[in-house]
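These are the residues of each chain, in order.
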Amino acid sequence: MNTIFQERKIVSRLLGVFLSALLIVPILTSCSGGSQTSAPPPPVDDTTGRNVNYPTPANQPQAKKGLSTGQKVAILVGAAALYYIYNQRKNAQGTGPQGKYYLSKNGRVYYRDEQGRAHWVTPPPEGIRVPESEAQQYRDFQGYNRRPTGRDLTDITAQPAPAL
């Protein structure tokens with residue numbers, strides 16, 4: 001009878017040591033100073049010193065000498081162009097410049113690369129030619145037909161999400 005009690009005592013001690021070791025493992029791994037996956041890396045500012053070639057969307061008319069009466073376009077620069085670019089890419093799949101674009105809280109547009117770094121997007125300085133019917137939704141923004149006044153993108157981030 002005494003040997004059975006001692007065997008149970010040894011088994012319970014071993015089980016207690018094993019469970020204690022399992023509880024200590026998360027504490028030790030959190031203090032290891034390994035890779036920090038919780039915070040994304042800081043954004044990369046690609047806007048200085050380089051020109052970005054934006055692909056022309058399939059529905060955007062090509063630049064022609066003069067305009068016919070059936071072809072009315074609007075030039076989007078500044079905030080209007082940024083919002084247009086964001087709307088074109090906000091539902092895209094993937095990462096990088098051809099992937100999904102995001103609107104930041106400070107009113108800037110960015111995308112994430114494969115490492116998760118944010119890259120700020122700037123509109124082309126010559127503007128984006130958009131069919132006038134499609135550009136009407138951007139008429140209140142700065143840069144619609146090169147207009148210097150209007151809303152910027154910080155107004156959009158402050159608005160609540162539309163009800164469904």
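The notes below deal with the structure included here. (Residues numbered from 1 in each chain as written. Predicted model: local features only at pLDDT ≥ 70, side-chain atom pairs only at ≥ 80, totals over all residues. Heavy atoms only, no water.)

**Comments concerning the pattern of salt bridges**
- All chains considered together, the criterion is met by one salt bridge.
- We note a salt bridge from D113 to R117, for which the minimum N-O separation is 3.1 Å. (Salt bridge = Lys/Arg side-chain N within 4 Å of Asp/Glu carboxyl O.)

**What to know about the sheet that holds strand β3 (residues 109–112)**
- Read from one edge of the open sheet, three strands run β2-β3-β4, paired in antiparallel fashion. The open sheet is flanked by β2 (101–103) and β4 (118–120), the only strands paired with a single partner. The sheet shows a mean angle of 40 degrees between the axes of neighbouring strands, direction not considered.
- With three bridges joining them, β3 and β4 adopt antiparallel strand pairing. Considered in β4, the bridge of Y111 is made with H119. (Pairing = 2+ DSSP bridges. Helix = DSSP H or I, 4+ residues; strand = E, 2+ residues; numbered from the N terminus. Axes fitted to C-alpha atoms, helices over the stretch in contact; angles between N-to-C directions.)

**Overview of the nonpolar core**
- Ranked by internal contacts, the top residues of the largest apolar core, which has 22 residues, are L76, Y138 and L153.
- Breaking this core down by element, the ones donating at least two residues are β1 (73–76), α2 (78–89), β3 and β5 (128–131).
- Among the elements that take part in this core, α2 stands out by supplying eight residues, more than any other.
- When sequence neighbours within four positions are dropped, the list of residues in contact with L76 reads A81, Y84, G127, I128, V130, A135, Y138, G143 and Y144. (Core = buried A, V, L, I, M, F, W, Y, C linked by side-chain atoms within 4.5 Å. Buried < 20%, exposed > 50% of the residue type's maximum accessible area, 1.4 Å probe, protein only. Contact = heavy atoms within 4.5 Å.)

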